[in-house]
Amino acid sequence: MRQLRVNGVDLFYIEEGTGAPVVFVHGAWMDLRYWEPQRQAVATQYKFLAYNLRYHGTAPWPDEGQHYSVATHTADLAAFIHGLNAGPVHLVGLSSGGRLAILVALQHPDLVRSLTVLEPPIDELLVDLPEAQPVRDEWRKAFEPIRAAAQAGEAIQAAKLFFELANNQGPGGFDTQPEAFRRMILDNARTVPLQLFAPRPPAISCTTLSGVKAPTLVVGGEQTPRNLALINEVVVQCIPSSSLVVVPRATHLMSHQNPAAFNDALLRFLARQ
């Protein structure tokens with residue numbers, strides 16, 4: 001485990017391999033451990049880099065969490081890439097990490113050689129799609145118990161429900177996961193209230209996405225919630241030079257649930273850049 005000082009805080013990361021750098025950005029209720037199934041496969045051909053977003057992981061927080069926001073994480077990611085002195089990187093972002101990766105690609109195009117996003121939850125892209133409204137409404141309703149648990153101070157319960165919703169798991173689905181994976185989520189449960197009640201991020205529109213210049217791979221899970229699948233379809237329509245890959249036998253966490261298929265798709269994409 002290494003650490004890099006950016007924007008007044010220490011970000012912890014791991015690095016393995018040599019070659020063009022590939023930076024992995026995790027999503028909610030997780031940390032750099034999420035990307036273990038990718039490390040060996042990527043490090044054989046590239047420099048694998050995965051880091052903990054501010055407040056994530058097991059280290060003490062630098063403050064009470066008041067700076068948790070998309071703006072903070074985006075600035076941290078850009079500063080992290082700058083701090084590596086690695087030149088433009090291949091950037092891979094899962095879920096909310098995908099939103100961060102997109103924002104860095106838009107705001108700092110010189111830092112991004114290619115972009116891979118895994119089901120970024122850019123819900124506002126569905127506002128103008130009438131056929132998406134029932135799915136969108138159902139998703140928002142399903143989120144209510146998660147918010148209620150977080151508001152009641154039950155961060156662990158909120159994290160479990162969040163995991164089960166995003167991965168089409170019924171009640172108790174969290175408890176069936178491997179122990180190491182459950183430990184990672186429990187270690188990061190304290191971040192769930194921060195994320196749910198953080199300042200609302202600036203909206204991303206199709207016009208916004210059309211400004212992404214980096215070659216882009218959009219990845220989804222074959223069995224992912226319909227809301228996230230619809231967002232993926234819009235994202236790939238809006239970003240020039242983008243393509244969509246659907247990972248079989250997987251939901252939202254497709255890179256962890258079917259790493260062989262995901263790694264193959266990612267490495268094929270990177271080899272073309």
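Here we summarise the structure given alongside this text.

Section: the side chain of N167
Then, number 1: Looking at the secondary structure, you find N167 in the loop between helix 5 (155-166) and helix 6 (179-187).
Then, number 2: Leaving out residues up to four positions away in the same chain, N167 has contacts with W29, T251, H252, L253 and Q257.

Some details on the pairing of strand 2 (residues 9-16)
Then, number 1: In terms of strand pairing, strand 1 (residues 2-6) meets strand 2 through five bridges, oriented antiparallel. Its bridge partner lying in strand 2, L4 is registered against L11.
Then, number 2: Strand direction decides the pairing type here: strand 2 and strand 4 (residues 47-51), joined by four bridges, are antiparallel. Across the sheet, the residue bridging to I14 is A50, located in strand 4.

Things to note about the state of the cysteines
Then, number 1: The tally for this structure, following the rule as stated, stands at one disulfide.
Then, number 2: Two residues, C206 and C238, share a disulfide whose sulfurs are 2.0 Å apart. Between C206 and C238, the S-S torsion sits near -110 degrees, and that sign places the bridge as left-handed. On the criterion of sequence distance, the pair formed by C206 in helix 8 (residues 206-209) and C238 in helix 9 (residues 226-238) is long-range, its members being 32 residues apart.
Then, number 3: Exposure remark for C206: the relative accessible area of 38% places this residue in the partly exposed category.

Some remarks on unusual backbone geometry
Then, number 1: Phi angles above zero are rare outside glycine, and W29 is one such case at about 45 degrees.
Then, number 2: Structurally, the position occupied by W29 is in the loop between strand 3 (21-25) and helix 1 (36-43).
Then, number 3: Note on W29: relative accessible area 3%, which makes it buried.
Then, number 4: Even without being glycine, N168 reaches a positive phi, approximately 55 degrees.
Then, number 5: Following the sequence through the fold, N168 ends up in the loop between helix 5 and helix 6.

Details of the packing of helix 4 (residues 133-151) against helix 5
Then, number 1: Two elements in contact, helix 4 and helix 5, have axes separated by 8 Å at closest approach and are oriented at 165 degrees. If you check the angle between helix 4 and helix 5, you find them roughly antiparallel. Seen along the crossing, helix 4 lies across helix 5 with a hand that is left-handed. Contacts between helix 4 and helix 5 involve W139, A142, F143, P145, I146, A149 and A150 from the former and Q157, A158, L161, F162, L165 and A166 from the latter.

Comments concerning the packing of aromatic side chains
Then, number 1: Counted by the stated rule, this structure contains 13 aromatic pairs.
Then, number 2: Each ring, one from F24 and one from W35, has its centre 4.9 Å from the other, and the planes form 50 degrees; the classification is tilted. Note that F24 is positioned in strand 3 and W35 in the loop between strand 3 and helix 1, a separation of 11 residues in sequence. Of the two residues examined, F24 and W35, each falls in the buried class.
Then, number 3: Put simply, the rings of W29, W139, F143, F162, F163, F174 and F181 pair up and form one aromatic cluster.

Side note on the environment of L84
Then, number 1: Within the secondary structure, L84 is located in helix 2 (residues 70-84).
Then, number 2: With 14 residues separating them in the primary sequence, L84 and G98 have C-alpha atoms 20 Å apart.
Then, number 3: Residues contacting L84, with those up to four places away along its chain left out, are L4, Y13, V23 and L49.

Thoughts on the pattern of salt bridges
Where charged atoms from two side chains of opposite charge come close, those side chains can pair.
Then, number 1: Scanning the model with the defined rule gives 14 salt bridges in all.
Then, number 2: Residue R5 is joined to D10 by a salt bridge in which the shortest nitrogen-to-oxygen separation is 3.3 Å.
Then, number 3: Relative accessible area serves as the criterion here: at 54%, R5 is assigned to the exposed category.
Then, number 4: Among the ionic contacts, a cluster of salt bridges with common partners joins D31, R33, R183 and D187.

A short note on the environment of L267
Then, number 1: Looking at where L267 falls in the secondary structure, it is placed in helix 11 (residues 259-271).
Then, number 2: For the pair L267 and Y46, spaced 221 residues apart in sequence, the C-alpha separation works out to 9.6 Å.
Then, number 3: Here L267 is in contact with A41, V42, Q45 and Y46, once residues within four sequence places are set aside.

Structural notes on the pairing of strand 3
Then, number 1: Counting buried residues along strand 3, five of its five residues qualify, which places the element largely inside the surrounding structure.
Then, number 2: Burial along strand 3 is two-sided: P21, V23 and V25 facing one way and V22 and F24 facing the other are all buried.
Then, number 3: Sheet topology note: the strand 3/strand 4 ladder contains five bridges and is parallel. Considered in strand 4, the bridge of V23 is made with L49.
Then, number 4: One ladder, built from four bridges, connects strand 3 with strand 5 (residues 89-94); its direction is parallel. When the sheet's bridge partners are listed, V25 is paired in strand 5 with G93.

Basis of the calculations
- Residues numbered from 1 in each chain as written.
- Predicted model: local features only at pLDDT ≥ 70, side-chain atom pairs only at ≥ 80, totals over all residues.
- Heavy atoms only, no water.
- Helix = DSSP H or I, 4+ residues; strand = E, 2+ residues; numbered from the N terminus.
- Contact = heavy atoms within 4.5 Å.
- Pairing = 2+ DSSP bridges.
- Disulfide = S-S within 2.5 Å.
- Buried < 20%, exposed > 50% of the residue type's maximum accessible area, 1.4 Å probe, protein only.
- Axes fitted to C-alpha atoms, helices over the stretch in contact; angles between N-to-C directions.
- Parallel < 35°, antiparallel > 145°, perpendicular 65-115°, else oblique.
- Left-handed = near helix turned anticlockwise from the far one by under 90°.
- Phe/Tyr/Trp six-rings, centres within 6.5 Å; stacked < 30°, edge-to-face > 60°.
- Salt bridge = Lys/Arg side-chain N within 4 Å of Asp/Glu carboxyl O.

All we've got here are geometric facts, nothing functional implied.
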